[in-house]
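Analysis of the macromolecular model
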Amino acid sequence: MRRLWIDGEFTEGSTGRTIQVVDPATEEIVDVVPKGGVAEVDRAVAAAGRAFPAWKRVPALERAELLVETARRLRANREEFAITLTRETGRTLRKNRGYVDWSATCFEYYAGLIRDRRGRVIPSAETGQLNLVLQEPMGVVGCIVPFNYPLMLLAWKVAPALAAGNVVVIKPASQTPLTTLDLSRVFDHLPRGVVNIITGAGAEVGDALVMHPDVPCIAFTGSTATGQRIYRMGAERIKKLHLELGGSDAVIVCADCDLEAATRAVAWTGFLNAGQVCTSAERVYVEQPVHRRFLEMFSALTSKLVVGPGMDEKTEVTPLIGRAERDQVEARVQQARREGAEIVTGGRRPERLTKGWFYEPTVLAGMRHGMSLLKEEIFGPVVPILSFSTFDEALDLANDSPYGLGATLFSTDAKKVRRYYEEIQVGNVWVNDPLVDNPAGPFGGMKMSGLGRELGEEGLLEFQQTKHVHWDIEGRIKPWWYPLAD
Ligand code: NAD
């Protein structure tokens, strides 16, 4: 059994309850972790609070070196972390190796950035004065992450939060807590209490963390429904909230693009991690003259994809995280069929895989705008293909969503590309190359997809608060002070 990590020490917690972590590919229990409760949240927040005064005074250069060491330890343990990630998320080992490296890169990026980000000096109103704009840490940051990218999305929060001089309490999703608990070994060179890792139910441990009076900032990634709940709870104490929520990403395929490249890229963005990516293709709009051709090429490619366990190097499409999630995808596809959708490929569980929560990569056609499947993210390996006549129509369709996380355009026409990136209402805009992140490029959503940005300079600002210092160095008496001169 793995244990919680509070104040630099391992603990089984006080509740005596546990959570079983199940491999989505085999349905075997991988390990058991303590199901912490409110007492564990209190202990972790208190430990972090004690560590904060000293940690925020650690010079930025030294903090940067400590973060570089975290990155080094992540890379040194790449294979072990990647295997644990594969067993708890179901995702391919190949991709998970990359995600360990990518998470390390995030720590290195913020280690570099914090070396010259303390604030700025602004011109003063009079000579003999100094005006400073200081960026200061906030204190204890609660980091809550979803099941789909437990390590990478955590790195996007913890690296900038620590770089800025904050201390953290981490809560992973109940389905995927193992890699997160194992991170104690990449953080144990930091002063005790700077990083604390607790597990437990969202509604218990998550709520307690969000509501805790000594946690001024919550960085959350997860569903819009949970984000709304956290937003309401945070309002009580005017907390700083950083919310990365759900999406309904549109893809526009123009007739002028390289259709072969678009076909392969859409399959990748639709079926990567079994479609359990916040920015996966949820709605694909293809220009009328190439719609039929694209549908043929896309379904031919989809039907050849290898479905299987993530430990198998040949696997392209992995299982869903759980039985309930697989059943929900299945039910929503059947609902779409009843509403008139045609299942071109997939639409069922693979027969040869008797264990695991697999679902065949599925292509739907004959969909109409407004059908239920197109309104809310499906979070499964299902790609609906629709058509459009004019570029205006494509932009209207793509923007007609309460979400605004990401979007992709396939086109070689510079005029279209420019109109698209100016008019599309999303935070992550891709052209001909979906889902690619950049540590220096801010990531986040508009509309109901969230508040704030991760990565880039913006991702550091999320964990800082601004202070304006006005200092009259000479200390001269001002003519407007009391008593007023005659
Ligand atoms: P979820 O909202 O069910 O859970 C996310 C986290 O919140 C988990 O750790 C969970 O335990 C915790 N939680 C649940 N209830 C809580 C509560 N009342 N208070 C505090 N914490 C609580 O999401 P999920 O199913 O794990 O992840 C899938 C969702 O995450 C999808 O909607 C996806 O689009 C979204 N997501 C968004 C991004 C992004 O960057 N915008 C990235 C990945 C995933």
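Residues numbered from 1 in each chain as written. Predicted model: local features only at pLDDT ≥ 70, side-chain atom pairs only at ≥ 80, totals over all residues. Heavy atoms only, no water.

The relation between two aromatic rings is expressed through the spacing of the ring centres and the mutual angle of the planes. Per the counting criterion, the structure on display carries seven aromatic pairs. On the basis of an interplanar angle of 75° and a centroid distance of 4.9 Å, the ring pair of Tyr109 and Tyr110 is categorised as edge-to-face. Through successive ring pairs, a cluster of aromatic residues spans Phe271, Phe294 and Phe298. Over the ring of Phe391 we find Lys416; its NZ or CZ atom is 5.9 Å from the centre of that ring. (Phe/Tyr/Trp six-rings, centres within 6.5 Å; stacked < 30°, edge-to-face > 60°. Lys NZ or Arg CZ within 6 Å of the ring centre and 35° of its normal.)

For the pair helix α8 (residues 202-211) and helix α9 (residues 224-235), interaxial distance at closest approach is 9 Å and the crossing angle is 35°. Considering only the axes of α8 and α9, their crossing is right-handed. Mapping the contact onto sequence places Asp207, Val210 and Met211 in α8 and Arg229, Ile230, Met233 and Gly234 in α9. Considered class by class, the residues forming the contact of α8 with α9 number four nonpolar, one polar and two charged. (Axes fitted to C-alpha atoms, helices over the stretch in contact; angles between N-to-C directions. Helix = DSSP H or I, 4+ residues; strand = E, 2+ residues; numbered from the N terminus. Left-handed = near helix turned anticlockwise from the far one by under 90°. Contact = heavy atoms within 4.5 Å. Nonpolar A, V, L, I, M, F, W, Y, C, P; charged D, E, K, R; others polar.)

Burial analysis of strand β13 (residues 281-287) places seven of its seven residues in the buried class, the great majority of the element. Pairing analysis gives five bridges linking strand β12 (residues 249-253) to β13, with the strands arranged parallel. Along β13, the bridge assignment pairs Val253 with Val286. Regarding the hand of the β-α-β motif, the stretch spanning β12, helix α10 (residues 259-271) and β13 is right-handed. Note that β13 and strand β16 (residues 382-388) share four bridges and pair parallel. Counterpart to Val286 in the pairing with β16 is Ser387. (Buried < 20%, exposed > 50% of the residue type's maximum accessible area, 1.4 Å probe, protein only. Pairing = 2+ DSSP bridges. Right-handed = clockwise from strand over helix to strand, strands pointing away.)

What follows deals with the sheet that holds strand β5 (residues 119-122). Taken together, the three strands give an open sheet; going across it, the order is β5-β6-β22, and neighbouring strands pair in antiparallel fashion. Of all strands in the sheet, those with a lone pairing partner are β5 and β22 (464-472), marking the two edges. Going from strand to strand, the sheet's axes swing by 15° on average, the running direction of each strand aside. For β5 and strand β6 (residues 129-137), the ladder comprises four bridges, and the chain directions are antiparallel. Within the sheet, the bridge partner assigned to Val121 lies in β6 and is Leu132.

Further remarks concern the site of the ligand. Around the ligand there are 29 residues in total, and Asp207, Ser223, Thr226, Leu245 and Glu377 lie nearest to it. Within the backbone of Gly222, one N or O atom sits 3.3 Å away from an oxygen atom of the ligand. Mapped onto the shell around the ligand, the elements with two or more residues apiece are α8, β10 (217-221) and α9. Looking at side-chain class alone, the shell around the ligand contains 16 nonpolar, eight polar and five charged residues. (Near = heavy atom within 4 Å. Polar contact = N/O pair within 3.5 Å; in protein donor to acceptor, adjacent residues only side chain to side chain.)

Here we come to the side chain of Arg91. Mapped onto the elements of the fold, Arg91 is located in the loop between α3 (78-89) and α4 (93-113). No salt bridge is formed by the buried Arg91. Its closest oppositely charged neighbour is Glu88, at 7.6 Å. At a separation of 2.5 Å, a polar atom in the side chain of Arg91 contacts the side chain of Asn96. Leaving out residues up to four positions away in the same chain, Arg91 has contacts with Leu85, Thr86, Asn96, Tyr99, Asn148, Tyr149, Asn273, Gly310 and Thr318. (Lys, Arg positive; Asp, Glu negative; His and termini not counted. Salt bridge = Lys/Arg side-chain N within 4 Å of Asp/Glu carboxyl O.)

Taken as a whole, this structure holds 35 salt bridges when the rule is applied. The salt bridge involving Arg97 is made with Glu313; its shortest N-O contact spans 3.4 Å. Of this pair, Arg97 sits in helix α4 while Glu313 sits in the loop between α11 (288-304) and α12 (323-338), and the two are 216 residues apart along the sequence. Owing to a relative accessible area of 43%, Glu313 belongs among the partly exposed residues under this scheme. Of the charged contacts, one joins Glu136 and Arg118 as a salt bridge, the two residues approaching to 3.5 Å between their closest N and O atoms. Of the two residues, Glu136 is situated in strand β6 and Arg118 in the loop between α4 and β5; the sequence distance between them amounts to 18 residues. Under the relative-accessibility criterion, Glu136 is labelled buried at 17%.

Time to look at the nonpolar core. With 90 residues, the main nonpolar core has Leu162, Phe187 and Val195 as its most contacted residues. Beyond its immediate chain neighbours, meaning those up to four positions away, Leu162 contacts Trp55, Arg63, Leu67, Val167, Val168, Phe187, Leu190, Val194 and Val195. Counting residues in each nonpolar core, the second largest holds 31 residues, with Ile252, Val333, Tyr359 and Leu373 among its members. (Core = buried A, V, L, I, M, F, W, Y, C linked by side-chain atoms within 4.5 Å.)

This brings us to the sheet that holds strand β15 (residues 362-365). Strand order across the open sheet formed by seven strands is β14-β15-β16-β13-β12-β18-β19, with mixed pairing between neighbours. Because the sheet does not close on itself, it has two edges, and the strands there are β14 (342-345) and β19 (428-431). Averaged over neighbouring strand pairs, the angle between their axes works out to 25° when direction is ignored. With four bridges joining them, β12 and strand β18 (residues 406-410) adopt parallel strand pairing. If you follow Val253 over to β18, its bridge partner there is Phe410.

For the protein chain, the assigned domains read domain 1 (4-245 + 449-470) and domain 2 (250-431). At the interface, 27 residues of domain 1 touch 26 residues of domain 2. Taken over both partners, the interface formed by domain 1 and domain 2 buries close to 2200 Å², and the fraction arising from carbon and sulfur atoms is 57%. Counting across the domain 1 and domain 2 interface gives two salt bridges. Here domain 1 and domain 2 share nine residue pairs in polar contact (both at pLDDT 80 or more) between them. Elements that contribute at least two residues to the side of domain 1 that touches domain 2 include exactly α3 and α4. Counting residues per element, the side of domain 1 that touches domain 2 draws most heavily on α4, at five residues. Of the residues that constitute the side of domain 1 that touches domain 2, the class distribution is nine nonpolar, ten polar and eight charged. (Domains from an automatic or database assignment. Buried area = accessible area lost by both parts, 1.4 Å probe.)

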